[in-house]
Every structure is written in C-alpha cells, then in structure tokens.
Amino acid sequence: MNKLPSYDVLKQLSQQAKTRHLASLFNENPDRFSGFHAKLPGLVLDYSKQNITKEEREALLNLAEEAKLSEWIEKLFKGEKVNHTEGRAAGHTALRDLQNPKPEVSKEWEKMEHLVDRIHTKQLRGFSGKAITDVVNIGVGGSDLGPLMVTHALKGVRSPLAPELHFVSTLDGKQLQRLLKTLSAETTLFIIASKSFTTIDTLSLAKTAREWIESHSPSKAGTLQHFIGVSTNTEMMNDWGLLPDHQLLFWDWVGGRFSLWSTIGLSIALQQGIEGFKSFLQGANEMDLHFRNTPFKDNTAVLLGLISVWNINFLDLAGQAILPYDSRLKYLASYLEQLVMESNGKHVNRAGENVNYRTCPILWGEVGPNAQHAFYQLMHQGTERVMADFILYAQAHGNTERHTFHHNLNIANCLAQSRALMIGQKGDDPHKDYPGGQVSNTLLFEKLDAKHLGMLIALYEHSVFVQSVIWDINPFDQWGVELGKKIALEILQKIEAKDASDLDSSTQGILQTIWDTQNEN
Ligand code: F6P
C-alpha cells in the first residue's frame, strides 16, 4: 500500500485532517450530508460524520484504482483462486447468484429443501416415532456465528412450521449439558456443522450429544435419525456414521466465515422456510451486484472499506465499534469480530513479506442502547479515538402506539449519540468537557428482514475485501488459529499423562495448581 503514489498524497493530507475538528466540516458545509452519503434501494450509508473532505476522498479513490481494486473484484466474482495460500477460490458470491446456480450447488439446495420439508411436515421422526420439535446446531466459528446471528435477528418472522432452534459451540460442555436438561431426546435433532469435520470443539460436543441420544434410544438406527451433518468432508461424515440422506455438502471454495450462505445455513432455512432463505440470499445478491457494478464513488461497500483505511492508516485509529440500534442484532458484533479480524488480522502481504502499516481494526460492539450504559463513556471522554458504525432501521417492528414510541426513542438515542460524539461540548468543568470529533458511519436500512439482513452482511464482507486489497493481504485464510489448536492437543496429552515437566514455567505452574486443587477436593 505505501508504495502506491496516492499513499504519499494521503499522508500529506492527513496532517491537516488530524488537526481539524470534525464539527468544523459541518460548519463549513451545512449541506454536508448530500455530498457524503451513498445508497442503493433499502440502504443509505451516511458517512458525513467521518473526518474526510472531497479532496481526501478523491485521493482514497485513486488509491483504490492504483491497488487495482476493479481487477480484484472481478477475480473474486469469476472464481479465481484469490485465496492463494490455500489454492482456493472464495466463492460465497456464487452461492447467492440464484439466477445462475452452479450444478453442484443446486443439487445440495434440493437436498436441503427436502430435509427442511421432512422436518416441517413432521416426516422426520426420532427413535420413538415422535416428530422433531427441537433442533440443536453444534458448530463453532463460521459454523455457528452466522446462523446464530441471523436466526436470532429473524426469530419474530419465522415459518409457523419451524422447530425450536438452539446453538451450542463451547467445548467446555456446560452449554450443551444445560441445554440437554431442557430437551427431550425423543424429539431432538442435532446438526453437526463443520466445514472440516475435524474441529475438536464440534466433534467432542457431537459425541456427548450422541451418547445422550444413545442412552435413550433402543437401537443404532434410531440414534442416527437424530443427526444431520453439514460439511465438505464426506469421508469423515461417513466414518461418524451419518446416514447418506442426512449429509449436506458444501465446498472448499466456501470459507468458514462465509459459509452461512451454503448448507451451513440449514438452521436459517428451517426457521425461515426455503423462500425466506432465498430472500436472505437475494438481499446479499443485490449487494453483490451493487458492489460489482457501481462506480467506486457511489459504491457503499467500497466507500465503507476505504473510510476504514483512511481512519486506520492515515488518522491512526485502531478501534471499530459496531452499534446496532436493534436488540435483534445482539450477535452482530460477535459475527463481525470473526468476519473482520479472522480475515484481515494479518501481518504479511500476499508475497509473504512483513507489512509496515496497520492492517485490521480491533472490532467490538454491543446493541447500542445497552452500550450507551457501558463503554460509550470511553468514546465520549476517553483518550482513545474510535470509529463507530451505527446501524438503524427506518421501519418499526410493529404498528401499535407503543411500537412507534419505542422506535422513536431508539432513533432519537442513536442520532443523539452520533451527533454528540461528532460535535462534543465545551465545559467549564474539565470533567464535564466533551471533546467530540469521534467519527462514525450510520447505516440506515429500510427494515430488518431476511433480505435486508443479507444485504447488511454482504456489505461488510465486501468492505473487508476492499480493505484487504488496499493492504495487499489475503483475507481468506486463517493460519493464525492453527498454532493454538496444535498446542492444545499437546497440552491435553500432558494433562492426561499428569506430566508438564517440559513446558514453560507459567503453564507448569498453572497445571500444578489445578492438580493440587483437584487432589484437595
Ligand atoms: O477458528 C478457525 C476456524 O477454522 C474458522 O475459520 C472456522 O469457521 C471454525 O474454525 C470452524 O471450523 P469447522 O467449520 O471446520 O469446524
């Protein structure tokens, strides 16, 4: 990035930007919103509360051209192997192209539709012949967070035939054990969701679930009725014993954190019905078309990505807060933590050389009104400069007087916070002084439904891709998570052998304390 001609221009421009107060941009141009927003049907991105001028935006757009962003977008959509360290394409956009489906994708959609239909119409029955009432998705990372986030958000508009959905991800086992106490083995179905089908978190939970069913079921055949596998790994699904018509496939060209668009989205399809799942894909596809075909200056995903680059690399901001003003988006921040930081948390460029610039924000977040009473203090008066994304919906989720009241209250709070962070307020008492100048985007969607949620997720996916192109890094691998997994297996062996002698003193000290505590009890 720092070898591109516009990098120096932007560095130069950032000197003046760093000394300017964001509010001065509104004073100079009272109609600032009109020149600093972008839209497509269903979404307005207001970035007028960013510390950026037209000249700086122009230089950022030039940087994108110099980084050959258009060529990279084409490579992504044409299925080239953009994930070069794993020799794979990143084909999530192909999954939502319902007009031109790949034959292998159509085949799995049909299989998924059939399974959804069997569950909805109570044809899929457990070992005792009773119909399935509860479905538990066992998976972690991309095999959990996307479906969890989406099904939580869309709970209120689910198909009347939908079973109750539950999600289990944590390998400590407590979450699953607590859940099992509330369920009946006769009527519970488990989805074992794992791209690799080798993840110890998921496989250990699946084994506990299997033992639970086995302890109630009179036969192996009966037990297997209670499990569906979703994976790229047929061999491992067969070894586990999953029935052929209980196996759904996806492909290595679908990244884990992009897999909710594939058969990993089975729980979404169960909740929304196949038509609802299709409108989720369609919303994402509308964003794909917008991203691929809209000039950069009007392109919401490109602008969102470039604004982050401006903030991170030129204005020295490291934190990004995700602030949805809708409790239905409770899990959005967790989902984006993986999408953003597993993608762009990299320190080498595509050629494998160390980069000497920042590559990824530290992202966190919370439902806005709750966050106001938690960490907003830091944003208003702390020493950290933070960029925030406010997410808001124009339509209320109901039409009674109370719905309208709550909706207006919510809008007022969202707009009050972004305005207060921008404008600040001088106080005679330093403790009551608000510096202001904290930058934010507001993403205003028409309403929260399957289609607009698809659009929101695809918007972030593409903005992450835009940033990766500017930073010249591969956003589609995640080697960083492998080392910890390997060491965990080594330590597990040491624990089982009760011998930590060749480990570092911190690990030894903690293990010894654990063993002493266990011996005392
Ligand atoms: O944590 C690393 C990771 O590989 C994620 O990228 C992935 O979403 C998660 O583990 C789960 O992997 P799998 O779906 O193969 O079980």
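Residues numbered from 1 in each chain as written. Predicted model: local features only at pLDDT ≥ 70, side-chain atom pairs only at ≥ 80, totals over all residues. Heavy atoms only, no water.

Draft legend 1. Region of the structure containing the sheet that holds strand β7 (residues 247-249). The five strands lie next to each other as β4-β3-β5-β6-β7, forming an open sheet whose pairing is parallel. Two strands close off the open sheet at either side, each with one partner strand: β4 (164-168) and β7. Taken pair by pair, the neighbouring strands of this sheet meet at an average axis angle of 20°, ignoring direction. In this structure, strand β6 (residues 227-231) lies alongside β7, joined through three bridges in parallel fashion. Opposite S231, over in β7, you have L249 as the bridge partner. (Pairing = 2+ DSSP bridges. Helix = DSSP H or I, 4+ residues; strand = E, 2+ residues; numbered from the N terminus. Axes fitted to C-alpha atoms, helices over the stretch in contact; angles between N-to-C directions.)

Draft legend 2. Spotlight on helix α8 (residues 145-153). Of all nine residues making up α8, eight are buried, and the element is well covered by its neighbours. Those residues of α8 that sit buried are L145, G146, P147, L148, M149, V150, T151 and A153. (Buried < 20%, exposed > 50% of the residue type's maximum accessible area, 1.4 Å probe, protein only.)

Draft legend 3. Fine view of the packing of helix α20 (residues 482-497) against helix α21 (residues 505-520). α21 packs onto α20 with a crossing angle of 40° between their chain directions and a minimal axis gap of 12 Å. With respect to each other, α20 and α21 are oriented oblique. The two elements α20 and α21 cross, and the hand of that crossing is right-handed. Of the residues in α21, those touching α20 at I491, K494 and I495 are T507, L511 and W515. Each residue belonging to the contact of α20 with α21 can be placed in one class, and the counts come to four nonpolar, one polar and one charged. (Parallel < 35°, antiparallel > 145°, perpendicular 65-115°, else oblique. Left-handed = near helix turned anticlockwise from the far one by under 90°. Contact = heavy atoms within 4.5 Å. Nonpolar A, V, L, I, M, F, W, Y, C, P; charged D, E, K, R; others polar.)

Draft legend 4. Up close: the packing of helix α5 (residues 69-77) against helix α13 (residues 266-293). Where α5 contacts α13, the two axes come as close as 10 Å, and the packing angle between them is 145°. Listed contacts from α13 to I73, E74 and F77 of α5 are D288, F291 and R292. For the contact of α5 with α13, the class distribution of residues is three nonpolar, no polar and three charged.

Draft legend 5. Inspection of the nonpolar core at higher detail. Residues F280, I391, L453 and L456 are the most contacted members of the largest nonpolar core, which totals 122 residues. Element by element, the count of residues in this core is highest for helix α19 (residues 450-471), at 14 residues. If we ignore the near neighbours within four places in the chain, the residues touching L456 are L329, L332, I391, Y393, L443 and F445. If you look at the next biggest cluster of nonpolar residues, it comprises 21 residues, including V136, I138, L183 and W212. (Core = buried A, V, L, I, M, F, W, Y, C linked by side-chain atoms within 4.5 Å.)

Draft legend 6. Summary view of the domain arrangement of the protein. Split by domain assignment, the protein resolves into domain 1 (5-17 + 36-66 + 294-471), domain 2 (92-274) and domain 3 (480-520). On a C-alpha basis, the centroid separation for the pair domain 1 and domain 3 is 41 Å. (Domains from an automatic or database assignment.)

Draft legend 7. Up close: the site of the ligand. Around the ligand, 14 residues are found, and the nearest of them are G142, S143, S194, S196 and T199. Q338 has a polar side-chain atom sitting 3.2 Å from an oxygen atom of the ligand. One nitrogen or oxygen atom from the side chain of E342 is found 2.8 Å from an oxygen atom belonging to the ligand. In isolation the ligand has 390 Å² of accessible area, and contact with the protein removes 87% of it. A class-by-class count of the residues in the shell around the ligand yields two nonpolar, nine polar and three charged. (Near = heavy atom within 4 Å. Polar contact = N/O pair within 3.5 Å; in protein donor to acceptor, adjacent residues only side chain to side chain. Areas by Shrake-Rupley, 256 points an atom, 1.4 Å probe, with all protein chains shown as cover.)

Draft legend 8. Fine view of the layout of surface pockets. Each pocket or cavity is described by its volume, and for the second largest pocket that value is around 420 Å³. Taken together, 19 residues form the lining of the second largest pocket, with Y325, D326, S327, H397 and N410 sitting closest to its centre. Secondary structure elements with two or more residues in the lining of the second largest pocket: α16 (368-372) and α18 (401-423). The element contributing the most residues to the lining of the second largest pocket is α18, with six residues. (1 Å grid on protein atoms, 1.4 Å probe; cavity = no way out; pocket = protein on both sides within 12 Å on 5 of 7 lines; lining within 4 Å. Points joined across faces, edges and corners; volume = space filled by probe spheres on them.)

Draft legend 9. Local environment of the environment of R402. Structurally, R402 can be placed in helix α18. Among the residues examined, R402 registers a relative accessible area of 52% and is labelled exposed.

Draft legend 10. View of the pattern of salt bridges. Applying the stated criterion to the full structure yields 23 salt bridges. A salt bridge links R88 to D252; its shortest N-O distance comes to 3.8 Å. Taken together, the residues R88 in the loop between α5 and α6 (92-95) and D252 in the loop between β7 and α13 connect sequence positions 164 residues apart. You can call D252 partly exposed: its relative accessible area is 40%. Each of E74, K78 and R292 takes part in a single network of salt bridges with overlapping partners. (Salt bridge = Lys/Arg side-chain N within 4 Å of Asp/Glu carboxyl O.)

Draft legend 11. Highlighting the pairing of β6. β6 sits mainly inside the fold: five of its five residues count as buried. Residues F227, G229 and S231 of β6 are buried on one face, and the alternating residues I228 and V230, pointing to the opposite face, are buried as well. Taken together, the four bridges between strand β5 (residues 188-193) and β6 define a ladder with parallel strand orientation. Paired with A193 across the strands is V230, a residue of β6.

Draft legend 12. Geometry of unusual backbone geometry. Of note, K122 is a non-glycine position whose phi angle comes to about 65°, a positive value. Mapped onto the elements, K122 comes out in the loop between α7 (103-120) and β3 (134-138).

Draft legend 13. Fine view of the sheet that holds strand β1 (residues 37-40). The strand order across the open sheet built from six strands is β1-β2-β11-β10-β8-β9, with neighbouring strands paired in mixed fashion. Looking at the sheet topology across the chains shown, the edges are occupied by β1 and β9 (362-365). Taken over all neighbouring pairs, the strand axes of this sheet differ in orientation by 15° on average, direction set aside. Bridging between strand β2 (residues 43-46) and strand β11 (residues 440-445) involves four bridges; their strand directions are antiparallel.

Draft legend 14. Quick look at the packing of aromatic side chains. Here the structure, examined in full by the defined rule, presents 17 aromatic pairs. Looking at R57, its charged tip hangs above the ring of F36, at a distance of 4.6 Å from the centre. The ring centre of W240 lies 4.5 Å from the NZ or CZ of R210, which sits over that ring. (Phe/Tyr/Trp six-rings, centres within 6.5 Å; stacked < 30°, edge-to-face > 60°. Lys NZ or Arg CZ within 6 Å of the ring centre and 35° of its normal.)

Draft legend 15. Up close: empty space enclosed by the protein. This model, assessed by the stated rule, comprises four cavities of 30 Å³ or more. Looking at the largest cavity, its volume works out to about 60 Å³. Lining the largest cavity, in full, are L304, S308, Q320, V340, L363, D389, Y460, S463, V464 and Q467. Counting residues per element, the lining of the largest cavity draws most heavily on α19, at four residues. Counted by class, the lining of the largest cavity contains five nonpolar, four polar and one charged residues.

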